[in-house]
Amino acid sequence: MIHYTCDRCKQKIDPNTQVRYVVTIDVQTADDAMGVYDEEVDQLAELHLELESLNEAIDIDDSVETVDREQYDLCEDCHRQFLKNPLGRDPLLAIGFSNN
C-alpha cells in the first residue's frame with residue numbers, strides 16, 4: 001500500500017478519506033531574447049536559429065538540463081495555505097515603503 005505524507009506539515013494523508021493535492025514547480029531559465037518582439041527582426045529566422053542551436057546542444061551534451069522540476073504532496077489545509085501565499089513570504093515584509 002502506498003503511503004502519502006504532506007510535505008509541508010508532515011501529516012499522513014489517507015487517499016481513501018482525504019484529498020491529496022500535488023504541487024508541481026517548474027523552474028526554467030528566462031530567455032529574454034524570445035520575449036522581445038522587434039519589427040526589424042525576422043521572427044521566423046530567429047526561431048530557426050534558436051532551434052538549431054538547441055538541437056546542437058542536445059546532440060553534443062545530453063546532460064544539458066533546462067528545467068528543474070519538483071513535486072510536493074499537500075493535505076487540504078496546507079493546500080489552502082499554499083494558495084494564499086505560494087512563496088511563503090511574511091506578509092508584513094512584502095509591504096515596502098520608499099525612503100522619503
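It should be emphasised that the depicted structure is a prediction, and the values quoted were computed from it without experimental measurement.

### Details of the confidence of the model for the chain
No. 1: Across the chain, the average pLDDT comes to 78, with 68% of residues at or above 70.
No. 2: Overall, residues 60-64 carries pLDDT values under 50, and its contacts beyond four positions in sequence, including any with other chains, amount to one contact.

### Section: the pattern of salt bridges
Here the idea is simple: oppositely charged side chains can pair when their charged atoms come close.
No. 1: Going through the model one piece at a time under the given rule, you end up with three salt bridges.
No. 2: A salt bridge links R80 to E76; the shortest N-O distance between them is 3.9 Å. Note that R80 and E76 are positioned in helix α3 (residues 76-84) at a spacing of four residues, about one turn of the helix.
No. 3: Residue classification places E76 among the partly exposed residues on the basis of a relative accessible area of 39%.
No. 4: Between D77 and R80 there is a salt bridge, with the nearest N and O atoms lying 3.2 Å from each other.

### Concerning the packing of aromatic side chains
No. 1: Within the structure shown, the criterion is met by zero aromatic pairs.
No. 2: If you follow R20 out to its NZ or CZ, it ends over the ring of Y4, 3.8 Å from the centre.

### A short note on the side chain of D73
No. 1: The topology assignment puts D73 in strand β4 (residues 67-74).
No. 2: Residue classification places D73 among the buried positions, given a relative accessible area of 15%.
No. 3: Side-chain polar atoms of D73 contact the side chain of R20, separated by 2.8 Å.
No. 4: Beyond its immediate sequence surroundings of up to four residues, D73 is in contact with Y4, T5, C6, D7, R8, R20, Y21 and V22.

### Regarding the side chain of H79
No. 1: Looking at the secondary structure, you find H79 in helix α3.
No. 2: Among the residues examined, H79 registers a relative accessible area of 17% and is labelled buried.
No. 3: Once you skip the residues sitting within four places of it in the chain, H79 turns out to touch Y21 and L74.

### Overview of unusual backbone geometry
No. 1: The phi dihedral of K10 falls on the positive side, at around 65°, and the residue is not glycine.
No. 2: With respect to the secondary-structure elements, K10 resides in the loop between β1 (4-5) and β2 (12-13).
No. 3: Judged by its relative accessible area of 58%, K10 falls in the exposed class.

### Quick look at the state of the cysteines
No. 1: Inspection of the entire model under this criterion finds zero disulfides.
No. 2: Cysteine C9 shares no disulfide, and the gap to the nearest cysteine sulfur, in C6, comes to 3.7 Å.
No. 3: Here C78 stays unpaired: no disulfide links it, and the sulfur of C6, its closest cysteine neighbor, is 3.6 Å away.
No. 4: Given a relative accessible area of 4%, C78 falls into the buried group.

Definitions and cut-offs
- Residues numbered from 1 in each chain as written.
- Predicted model: local features only at pLDDT ≥ 70, side-chain atom pairs only at ≥ 80, totals over all residues.
- Heavy atoms only, no water.
- pLDDT = per-residue confidence, 0-100.
- Contact = heavy atoms within 4.5 Å.
- Salt bridge = Lys/Arg side-chain N within 4 Å of Asp/Glu carboxyl O.
- Helix = DSSP H or I, 4+ residues; strand = E, 2+ residues; numbered from the N terminus.
- Buried < 20%, exposed > 50% of the residue type's maximum accessible area, 1.4 Å probe, protein only.
- Phe/Tyr/Trp six-rings, centres within 6.5 Å; stacked < 30°, edge-to-face > 60°.
- Lys NZ or Arg CZ within 6 Å of the ring centre and 35° of its normal.
- Polar contact = N/O pair within 3.5 Å; in protein donor to acceptor, adjacent residues only side chain to side chain.
- Disulfide = S-S within 2.5 Å.

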